[in-house]
Amino acid sequence: MTNREIILGRISEALKVAAPHPALQDNAAPVPVVSSPEKWLPPAGATLEEQVELFRQNAEALMAEFRACATVSEAIQYVKTLAAAGGWKKIGRHRGELTDSVAHELGLAEVQTDRGYAVDDLESCDAALTECEALVAQTGSVLVSAPSAGGRALSVLPPHHVVLARRNQMEPDLTAALQRVQQKFQNKFPSFLSFISGPSRTGDIERILVLGAHGPKKLTILLLP
Amino acid sequence: MNVYAKEFNASACRYTADLRHRDLIQKALAGYYAKRDEFKGRFQSWSGARDLAAEIKWEAVNHLDRYLDEFVSRLEARGAKVFWAPGAQEAQDYIVGVARQHKVRAIIKSKSMTAEEIHLNEALEKKGFEVAESDLGEYIVQLRKEPPYHLVFPAMHLTRQQISDLFHDKLNSEPTNNPEDLTMIARRIMRRKYCEADMGISGANFAIAETGMISITENEGNARLTTSLPKVHVALVGIEKVLPKLSDLALFLPMLATAGAGQSITCYNTLYGGPRQPGEPDGPEEFHVVLLDNHRTELLADAEQRDALHCIRCGACLNVCPIFKNVGGHSYGTTYQGPIGSVITPHLRGLQDWKHLSQASSLCGACTETCPVKINLHHHLLHNRRNAVRARPAFLEKLIQSGFVLLMRRPAFYQLAARVGRIAQPLQRLIRGTFFDPLRAWTKTRSFPPLAKKSFRELWRERKTP
């Protein structure tokens, strides 16, 4: 017998005795299973404007910086001020419509991750520039994937992560964001997807919040038209 | 009394008398309570969310074979290697084997209670592999060579001063009282380790059957780095972690954050569905998923307590437990502390050895009330007590209880006992707490209120016959 057969055998043996469904406990009347949780979770705005505002509130509460830009050139100008303020010398990024246009104007030394990179080279970057799959208004999260954010490490290794997102990437809640990637990738999922909610943090010392535990100390999200 | 019960009693006595410890834990949890309640309040209905979470977990656990099969076949289709581990030994051997096969020099590890459960670090170190814990709290307790104090907050029993002393002692860092400086010391050390490690080990919070992915929840980014840079990633996953659908995460991610840490959402919720795929810039060449049984199927076979496998290890029941807050996480002597640990440890490690934990409860039910997946925790402590005496009857206790019943059911005996008590109480005071006191376990630290000179019955009789 293989280990798989041993464990599956133990499971089917164990499940011969049924456990009562939770809705039937306490002698309560059976409740039909609600298939989606939107009814219970924190509300998300109905219109795009409400969602953008909710996203701003949630992202800022998570100590991320959020800025809605009217044009791409406004976003470029803003990233330039970030670069000057942070004294960036080298950035990590991936190829993409938005990252290309911003990085081109920055004119800094670059590490592009698309075709592989040296870890130490990426580690010594001052900032990372990525795109994303979606923004989640309900939680203030950025959903990234390996193809949309230059792989796994780019969005977590450099100390400042700058996300460039389009307005049509705003989703009201986690359910909608997950549906979006499910529809996009069907059964060809990338090996990595991550909801990023604010800069890296820890409370392991006396439960006191410290930003930049292992990942970025700063997260900036720029919303483009 | 067995050795585990003796150790529990000794440690519990020490911690309950330690006011500094109590103060530290209460202070650490005060912020959690406020934030937890704030974010629960943002839910349209927290109780509706709990009902749904309990139903989803019930569905997964009661059809575990089907969902595990689905999970594994989808993972394997994307090139992941899945190992089914019936016990701790098989899981250890497999992971040591992977490390040997790749001639691994340095291992970086993110937080995993399942790895604590099978003592994975000791097993790897015994075979000559160095393992670095990357989660800050886990790193601190690893340097102290002690187990995590709490499922979610491993170092919550330590002050910044103690951590500064520890870092000064072990890492030769400058003493500092600033938590941010202390965090940055660990950050600098870990950065080198991520870049140099050739194997990363993680746990998993959820296993998604529908898409064949594991989901890892963390705040620090250490798990993301652990699973991004090394060329091999091994994830150790308990078989009960399965969720049927990807969309189930929309419910479980915010609930885990709010119940577990008083957050609206945890900083990184990451899904891994295989090794680096063609066209992807980075990620491990090999992705191994070790599915661990290790007595979970024995708990599964107990239909009455099967819902204990719904646990998402959020730690909320520890945070509200009056026993945990007084005896502290280390007194339990188990991988899983608090109410959930007291319920499942007898199943994982033997009922007779760990039955004393069922008594480490005031049965107040705060754990059951707070559990986001509605595990019937305090009733399961009673179930374990019942099962323990069924398997091995406690004659002395039975005798005492029958004496008590005799006393309570016959008014004449009860009155006699009250009269004897009134005479005996002043005498007992002379020997209170000493070896000769039969009630010394109780009276050593507590005073018994004096019995009334006259009973209600006597007063009533006097009133009626003036």
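Residues numbered from 1 in each chain as written. Chains lettered and ligands numbered in written order. Predicted model: local features only at pLDDT ≥ 70, side-chain atom pairs only at ≥ 80, totals over all residues. Heavy atoms only, no water.

Caption draft 1: Expanded view of the interface of chain A and chain B. At the junction of the two partners, chain A supplies 79 residues and chain B supplies 95 residues. Together chain A and chain B conceal approximately 7,400 Å² of surface at their shared face, both sides included; 61% is due to carbon and sulfur atoms. Our enumeration of links across chain A and chain B arrives at five salt bridges. We note a salt bridge from Glu206 of chain A to Arg160 of chain B, for which the minimum N-O separation is 3.3 Å. Inspection of the region where chain A meets chain B yields 42 residue pairs in polar contact (both at pLDDT 80 or more). Elements supplying a minimum of two residues to the side of chain A that touches chain B: helix H1 (3–14), helix H5 (119–123), helix H6 (174–185), strand S9 (192–196), strand S10 (201–202) and strand S11 (210–211) of chain A. Broken down by element, the residue count for the side of chain A that touches chain B peaks at eight residues, all from H1 of chain A. In the side of chain A that touches chain B, the residues fall into 42 nonpolar, 24 polar and 13 charged. Strand direction decides the pairing type here: S9 of chain A and strand S9 (residues 268–272) of chain B, joined by five bridges, are antiparallel. Looking at S9 of chain B, one finds that Ile196 of chain A is bridged to Tyr268 of chain B. (Contact = heavy atoms within 4.5 Å. Buried area = accessible area lost by both parts, 1.4 Å probe. Salt bridge = Lys/Arg side-chain N within 4 Å of Asp/Glu carboxyl O. Polar contact = N/O pair within 3.5 Å; in protein donor to acceptor, adjacent residues only side chain to side chain. Helix = DSSP H or I, 4+ residues; strand = E, 2+ residues; numbered from the N terminus. Nonpolar A, V, L, I, M, F, W, Y, C, P; charged D, E, K, R; others polar. Pairing = 2+ DSSP bridges.)

Caption draft 2: Spotlight on the pairing of strand S4 (residues 199–202) of chain B. Residues and elements named next belong to chain B. Burial along S4 is two-sided: the face carrying Met199 and Ile201 and the face carrying Gly200 and Ser202 are both buried. For strand S2 (residues 106–109) and S4, the ladder comprises three bridges, and the chain directions are parallel. Residue pairing in the sheet places Ile108 in a bridge with Gly200 of S4. As paired elements, S4 and strand S7 (residues 232–238) share four bridges and run parallel to each other. When the bridges of S7 are listed, Ile201 appears paired with Val234. (Buried < 20%, exposed > 50% of the residue type's maximum accessible area, 1.4 Å probe, protein only.)

Caption draft 3: Just the environment of Leu251 of chain B, in detail. The topology assignment puts Leu251 of chain B in helix H12 (residues 249–261). It is 7.3 Å that separates the C-alpha atoms of Leu251 of chain B and Ala49 of chain B, two residues lying 202 residues apart in sequence. Not counting chain neighbours up to four residues away, the residues in contact with Leu251 of chain B comprise Pro37 and Leu41 of chain A together with Ala49, Leu52, Ala53 and Ile56 of chain B.

Caption draft 4: Region of interest: empty space enclosed by the protein. All names here are of chain B. Evaluated as defined, the whole model comprises three cavities of 30 Å³ or more. Looking at the largest cavity, its volume works out to about 100 Å³. Contributing to the lining of the largest cavity are 16 residues, with Cys321, Pro339, Ser361, Cys367 and Leu381 lying nearest its centre. When residues of the lining of the largest cavity are traced back to their parent elements, those giving at least two are helix H15 (322–327), helix H16 (338–349) and helix H18 (366–370). The element best represented in the lining of the largest cavity is H16, accounting for three residues. In this structure, the second largest cavity occupies an estimated 80 Å³ of space. Around the second largest cavity sit 14 residues that line it, and Cys311, Cys314, Cys317, Cys371 and Pro372 are the ones nearest its centre. Of the residues belonging to the lining of the second largest cavity, the class tally is 12 nonpolar, one polar and one charged. (1 Å grid on protein atoms, 1.4 Å probe; cavity = no way out; pocket = protein on both sides within 12 Å on 5 of 7 lines; lining within 4 Å. Points joined across faces, edges and corners; volume = space filled by probe spheres on them.)

Any link to function would need more than the numbers given here.
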